[in-house]
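What the coordinates show
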Amino acid sequence: MTTPSGRPSEHSPETTAHPPETEDVLATAGASPGDRARSVVTHRATDSPSDDERRLPRPSRRSPWNRRRDRIVAMALTVLCVAAGVMVWLLGDSHATSLHTTSVAPPRLATPESVPGSLAERWSAPSEAAPVPVAEGGFVVTASNGTVAGRDPLTGAIRWSYERDLELCTVGTAWSKVLAVYRKDAGCSEVTQLDPTTGRRTAQRNGDAESPTRLVVDEAHVTTTGTRLINTWRSDLVKTLEYGRVPAPVNPERQPRPGCRYSTVAAGGDKVGVIEHCPRETGARLTVLKAAGAEADEPEQVFSALLPEMTAQLVAVSDTHVAVALPGRRQLFVWDDNGTQVGTYGLVPGTDELAAVPESGAVSTAVSGEHVYWFTGSHTVALSRDGLRPRWTVEGTVGPGTVFAGEYVVPMAGGIAVLDERTGATTRTVAVDRRGYRGPVELETAGPVLLEQRGRTLVALR
């Protein structure tokens, strides 16, 4: 190895120390640059090499990786690295996830001026993981067999999809996003947030939600229901509240009543309410918590009240009030934020109907500008938004209803009824052929399309 000047490098394997008798042949001070570049170092020796020998290139040191054994080792290491990468991909979440987004804008949907005089089925799709119809961002969302799909409201064609090789626990909407909860490990612990206009994944977290569960949503938070534990998240899916039997708690003493069982949950006004059934207590307990306290694992209680009977249903939580149905008395109790009972109202539905505990952990309700609509099983009760006072009750319904074309409609056997929101009077009815289905019906709208969730199937009507 030589330096740019033509001199051997001090690191070259051919360079040896000069013996005392070695003399350098150096260019004179007046030599030209070309002459200096051609200067060489000679050594005095007994047997001097010939000119031909000096012109032959000297062999370099052999690389240790040129040996056959070393090449085999390098190849084996490469194969092991590739195999490890393949195993990580095969066993990891990335391999088990399929995401297809869209850049196509959703169709323009014009809302009709009034409820049409006739409605017919346009399309239907399985959606057993969605307790209610989901419409957000111009698309209709279905949830079935591990796949969340954004569909064209008019045709049902799939525009985007997100698929996991896991069971879907539930799907809902919050903060103009779609939330999909998957079953992983012991419960419904994987929460994924999707952009409804493209299907793009925007956030993902692991939690401790139980199975079965349902999402209860207010303006700023979403809460998962459960019989032993409830979790609450804010819009970036950071947990703000966990209440109940927390798995592997860091500070167990922070939970006030970890041994209680829960029946129904509701949320509103940055608060979460829960009906608790605790050992050695003579009645059910209503507890209202802040949705976001100082520490997620240390619940901050707004108030808690022992109820006069065990069969209680939490109906609604508003900005200022909480409403609880007491089936044995056929009454609705209302509290304010200070924990003071401010109202007691009689209810039309019977005791058995009011006492039925929903498997999802949340009673069926819908919200409009003036009312909270509560479906009891065969009645729809309108509660005022300000004080949660019962305004009117309609009998013979199969769901809470929704606003469609500026009018409030409720599902009934054989069709839907258009109601006067102020009085609950039926102004007209529209027939709907449900092809023999006789169970509960949840409604939602997407422009001119009326969506019906009939058990495990979503149906689009127009």
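Note: the structure precedes this text.
Let me sum up the structure you'll find in this document. The structure presented is a predicted model; accordingly, all values stated were derived computationally and were not measured.

Here's the deal with the nonpolar core
Ile275, Leu286, Leu307, Leu314, Val322, Val324 and Trp335 are the most contacted members of the largest nonpolar core, which has 16 residues in total. Taken together, the elements giving at least two residues each to this core come down to strand 17 (285–290), strand 18 (301–306), strand 19 (313–317), strand 20 (321–326) and strand 21 (331–336). When residues in this core are grouped by element, the largest group, 3 residues, is from strand 20. Setting aside anything within four residues of it in sequence, one finds valine 324 in contact with Ile275, Leu286, Leu307, Ala312, Gln313, Leu314, Val315, Gln331, Leu332, Phe333 and Trp335.

A look at unusual backbone geometry
In the segment running from serine 211 into proline 212, the intervening peptide bond is cis, with an omega of 0°. Here proline 212 lies in the loop between strand 10 (201–209) and strand 11 (215–217). The backbone of tryptophan 175 sits at a positive phi, close to 55°, despite the residue not being glycine. Residue placement: tryptophan 175 occurs in the loop between strand 7 (168–174) and strand 8 (177–184). Non-glycine residue aspartate 270 carries a positive phi angle of around 60°. Mapped onto the elements of the fold, aspartate 270 is located in the loop between strand 15 (261–268) and strand 16 (271–277). Taking the relative accessible area as the measure of exposure, aspartate 270 reaches 40% and is therefore partly exposed.

Considerations on the sheet that holds strand 3 (residues 134–136)
Taken in spatial order, the 5 strands line up as 1-6-5-4-3 in an open sheet, and their pairing is antiparallel. Two strands close off the open sheet at either side, each with one partner strand: strand 1 (97–100) and strand 3. Strand-to-strand, the axes of this sheet are offset by a mean angle of 20°, without reference to chain direction.

Quick look at the environment of alanine 425
With respect to the helices, strands and loops of the structure, alanine 425 is situated in the loop between strand 29 (415–419) and strand 30 (426–431). Of the residues examined, alanine 425 reaches a relative accessible area of 38% and is grouped as partly exposed. The spacing of alanine 425 and valine 394 is 31 residues in sequence and 8.2 Å in space, taken between C-alpha atoms. Sequence-distant contacts of alanine 425, defined by excluding residues within four places in its chain, comprise Val418, Leu419 and Asp420.

Topic: the pattern of salt bridges
Evaluation of the coordinates by the stated rule reveals 19 salt bridges. When the shortest N-O distance is used, the salt bridge between arginine 164 and aspartate 165 registers 3.6 Å. Overall, the relative accessible area of 4% leaves arginine 164 in the buried class. With a shortest N-O distance of 3.8 Å, arginine 254 and glutamate 298 are connected by a salt bridge. In this pair, arginine 254 is assigned in the loop between strand 14 (239–244) and strand 15 and glutamate 298 in the loop between strand 17 and strand 18, connecting sequence segments 44 residues apart. By relative accessible area, glutamate 298 is classed as partly exposed at 38%. Linked by salt bridges that have partners in common, Arg164, Asp165, Lys184 and Glu190 make up one network.

Points about the packing of aromatic side chains
Two measures describe an aromatic ring pair: the distance that separates the ring centres and the angle between the ring planes. Taken as a whole and judged by the stated rule, the model has 5 aromatic pairs. A ring pair is formed by phenylalanine 333 and tryptophan 335, whose centres lie 6.0 Å apart and whose planes are at 55°; its orientation type is tilted. Like tryptophan 335, phenylalanine 333 is buried. An aromatic cluster is present here, built from Tyr373, Trp392 and Tyr408 joined pairwise through their rings.

Here we look at the state of the cysteines
According to the stated counting rule, one finds 2 disulfides in the structure shown. The disulfide partner of cysteine 169 is cysteine 188, and the gap between their sulfur atoms is 2.1 Å. Judged by the sign of its S-S torsion, about -90°, the cystine formed by cysteine 169 and cysteine 188 is left-handed. In this pair, cysteine 169 is assigned in strand 7 and cysteine 188 in strand 9 (residues 187–194), connecting sequence segments 19 residues apart. For cysteine 169, a relative accessible area of 16% translates into the label buried. One disulfide in the model links cysteine 260 with cysteine 278; its S-S distance is 2.0 Å. Residues cysteine 260 and cysteine 278 are joined by a disulfide whose S-S torsion is about 110°; by sign, that bridge is right-handed.

Regarding the pairing of strand 29
The buried count for strand 29 comes to 5 of 5 residues, which makes it a mostly enclosed element. In this sheet, strand 29 lies alongside strand 28 (residues 407–412) in antiparallel orientation, the contact comprising 5 bridges. Bridging across to strand 29, methionine 412 finds its partner in glycine 415. Counting the residues between successive antiparallel strands, the hairpin from strand 28 to strand 29 contains 2 residues, one of them, glycine 414, with a positive phi of roughly 85°.

Cut-offs used in this document
- Residues numbered from 1 in each chain as written.
- Predicted model: local features only at pLDDT ≥ 70, side-chain atom pairs only at ≥ 80, totals over all residues.
- Heavy atoms only, no water.
- Core = buried A, V, L, I, M, F, W, Y, C linked by side-chain atoms within 4.5 Å.
- Buried < 20%, exposed > 50% of the residue type's maximum accessible area, 1.4 Å probe, protein only.
- Helix = DSSP H or I, 4+ residues; strand = E, 2+ residues; numbered from the N terminus.
- Contact = heavy atoms within 4.5 Å.
- Pairing = 2+ DSSP bridges.
- Axes fitted to C-alpha atoms, helices over the stretch in contact; angles between N-to-C directions.
- Salt bridge = Lys/Arg side-chain N within 4 Å of Asp/Glu carboxyl O.
- Phe/Tyr/Trp six-rings, centres within 6.5 Å; stacked < 30°, edge-to-face > 60°.
- Disulfide = S-S within 2.5 Å.

It is worth stressing that arrangement in space is one thing and function is another; only the former is reported here.
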